[in-house]
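Here's the letter readout for the chains.
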Amino acid sequence: MGKRKTNKAKLAEGRCQGIGPDYVPFYKANEGGSQATTSMIPDPIEGRMIHCLSDTETMMYYLLRWNTEVLHIREQYLLNHERVNDVRSQLGYSRVPEQACFTTDFLVDFKDGSQQAYSVKFRTGDFNPNAIIYKGREHSYARLIERQNTERLYWESQDVKFNIVTRDDLMQYRIQIKNIAFVMRFWDDTFIVNRQQKLLYLIAHHIVVVSMDKEFINPKQLADSMSFDIDAVYAKTLEMRRQMIGE
């Protein structure tokens, strides 16, 4: 695990600038500070590691990555401090100092030019003021709601749709998420050596469409069920992709 850095140091680095391989999230999975299960996921489309600070964020990432309308994913995105305080003033909340950095879990750019922001939470019950976790800790609930209201108005004031997603929401997609994580391992053709892996490559690139949400993928069984020549389609796909990038 890397050394924990102060918010002041991160601000000095200019994190959350750029996009794609140039983007650096404000919070990194390997810098410590999170009590949840963190993950660093290689993203071949963004050309960098994606930093998820919980299992729930990891689940959300894979669903976003599988959406062919998604252009870019920026995680742990730093909100503009001055704009945050403007929003908080509108909501009647106290202003926060510069070192109190607000971030959004995912900011997503779509191919049609639109954006959506996502706040990922562990459970729906966290938004119940009568939940047992808030007994004697009512201030924690108030702080959660204040934070979410700030984040929501921040994005909606910029015509960006704001979404709160919980693990409860994502569990209905758990089989699909597991399958997405599996097939994305075969995005790169460098280490593809057999017929099953070629099929998984084609699925990862959405050349071949299969059911992802009914059962966990069995590569051998799936390859044996295909009625087309997997080797031929794979070879043709690579040829077309190399022509597109001018190799």
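Here, every reference points to the structure presented above.
Residues numbered from 1 in each chain as written. Predicted model: local features only at pLDDT ≥ 70, side-chain atom pairs only at ≥ 80, totals over all residues. Heavy atoms only, no water.

A.B. asks: Help me out: how do you make sense of the pattern of salt bridges in this one?
C.D. replies: Side chains that differ in charge, positive against negative, can pair when their charged atoms come close. Inspection of the entire model under this criterion finds 14 salt bridges. The salt bridge partner of Glu 31 is Lys 10, with a shortest N-O separation of 4.0 Å. Here Glu 31 is found in the loop between helix H1 (7-13) and strand S1 (39-43), whereas its partner Lys 10 is found in helix H1, with 21 residues between them in sequence. The class for Lys 10 is buried, based on a relative accessible area of 5%. Its salt-bridge partner being Glu 13, residue Arg 15 comes within 2.7 Å of it at the nearest N-O pair. Given a relative accessible area of 39%, Glu 13 falls into the partly exposed group. Here the residues in one salt-bridge network are Lys 5, Lys 10, Glu 13, Arg 15 and Glu 31, joined through shared partners. (Salt bridge = Lys/Arg side-chain N within 4 Å of Asp/Glu carboxyl O. Helix = DSSP H or I, 4+ residues; strand = E, 2+ residues; numbered from the N terminus. Buried < 20%, exposed > 50% of the residue type's maximum accessible area, 1.4 Å probe, protein only.)

A.B. asks: Honestly, the sheet that holds strand S4 (residues 103-110) in this entry has me stumped. Any pointers?
C.D. replies: Strand pairing in a sheet relies on backbone hydrogen bonds. The paired strands run either parallel or antiparallel. With mixed pairing, the 4 strands of this open sheet are ordered in space as S3-S4-S5-S6. Among the strands making up the open sheet, the edge pair consists of strand S3 (70-78) and strand S6 (161-166). Going from strand to strand, the sheet's axes swing by 25 degrees on average, the running direction of each strand aside. Pairing of strand S5 (residues 115-121) with S6, which is carried by 6 bridges, proceeds in the parallel orientation. Residue Ser 119 lies in a different strand from S6, and its bridge partner there is Ile 164. Where helix H2 (residues 55-66) meets the sheet, its contacts fall on S3, S4, S5 and S6, and the angle it forms with S3 comes to roughly 155 degrees. (Pairing = 2+ DSSP bridges. Axes fitted to C-alpha atoms, helices over the stretch in contact; angles between N-to-C directions. Contact = heavy atoms within 4.5 Å.)

A.B. asks: How should helix H9 (residues 230-244) be read in this particular structure?
C.D. replies: Residues lying three or four places apart along an α-helix face the same way, a consequence of the helix completing one turn every 3.6 residues. With 15 residues, H9 should reach 21 Å at 1.5 Å per residue; the first-to-last C-alpha distance of 21 Å fits that figure. Among all positions of H9, only Ile 230, Tyr 234, Thr 237 and Leu 238 are buried. Taken down its axis, H9 places every buried residue within 95 degrees of arc, on the same side. For H9, the side-chain oxygen to backbone nitrogen distance between the N-cap and Asp 231 is 3.1 Å, and the N-cap itself is Asp 229. Directly after H9, the chain includes Gly 246, whose backbone phi takes a positive value near 75 degrees. (Expected span 1.5 Å × (residues − 1). Arc of directions from axis to C-beta. Polar contact = N/O pair within 3.5 Å; in protein donor to acceptor, adjacent residues only side chain to side chain.)

A.B. asks: Help me out: how do you make sense of the packing of aromatic side chains in this one?
C.D. replies: When we look at a pair of aromatic rings, we describe it by the centre distance and by the angle of the planes. Applying the stated criterion to the full structure yields 6 aromatic pairs. Summarising the aromatic geometry, the rings of Phe 182 and Phe 186 are spaced 5.5 Å apart at their centres and angled 75 degrees between planes, so their arrangement reads as edge-to-face. Seen from their ring centres, Tyr 201 and Tyr 234 are 5.2 Å apart, and the 85 degrees between their planes marks the pair as edge-to-face. With Tyr 201 in helix H7 (residues 195-204) and Tyr 234 in helix H9, this pair connects stretches of sequence that are 33 residues apart. For Tyr 201, a relative accessible area of 2% translates into the label buried. Feature note: the residues Tyr 77, Tyr 154 and Trp 155 constitute an aromatic cluster, connected by ring pairs. Its guanidinium or amino end placed over the ring of Phe 26, Lys 10 lies 5.4 Å from that ring's centre, counting from NZ or CZ. Seen from the ring of Phe 102, Arg 147 lies directly overhead, with NZ or CZ sitting 3.9 Å from the centre. (Phe/Tyr/Trp six-rings, centres within 6.5 Å; stacked < 30°, edge-to-face > 60°. Lys NZ or Arg CZ within 6 Å of the ring centre and 35° of its normal.)

A.B. asks: Explanation requested: the pairing of S1 in the structure shown.
C.D. replies: Residues in a regular strand project their side chains so that they alternate between the two faces of the sheet. Residues Ser 39, Ile 41 and Asp 43 point to one face of S1 and are all buried, whereas Met 40 and Pro 42, pointing to the other face, are not buried. Pairing of S1 with strand S2 (residues 48-52) involves 5 bridges; the strand directions are antiparallel. Looking across to S2, one finds that Ser 39 is bridged to Cys 52. Where S1 folds back on S2, the antiparallel hairpin that results is connected by 4 residues, among which Gly 47 adopts a positive phi of roughly 75 degrees.

A.B. asks: For this particular structure, what's the right way to read the nonpolar core?
C.D. replies: Most often, soluble globular proteins keep nonpolar side chains buried together rather than apart. Met 60, Tyr 61, Phe 106, Tyr 118, Leu 199, Ile 203 and Met 212 are the most contacted members of the largest nonpolar core, which has 40 residues in total. Of all the elements, H2 adds the most residues to this core, at 7 residues. Aside from chain neighbours lying at most four places away, what touches Met 212 is Trp 66, Ile 175, Gln 176, Asn 179, Ile 180, Val 183, Ile 203 and Ile 217. If you look at the next biggest cluster of nonpolar residues, it comprises 17 residues, including Cys 16, Tyr 23, Cys 101 and Tyr 154. (Core = buried A, V, L, I, M, F, W, Y, C linked by side-chain atoms within 4.5 Å.)

A.B. asks: Explain the state of the cysteines here, please?
C.D. replies: Think of a disulfide as a covalent bridge from one cysteine sulfur atom to another cysteine sulfur atom. Taken as a whole and assessed by the stated rule, the structure comprises 0 disulfides. The thiol of Cys 16 is not disulfide-bonded; the next cysteine sulfur, from Cys 101, is found 9.4 Å away. Between Cys 52, a cysteine without a disulfide, and Cys 16, which holds the nearest cysteine sulfur, the sulfur-to-sulfur distance is 14 Å. (Disulfide = S-S within 2.5 Å.)

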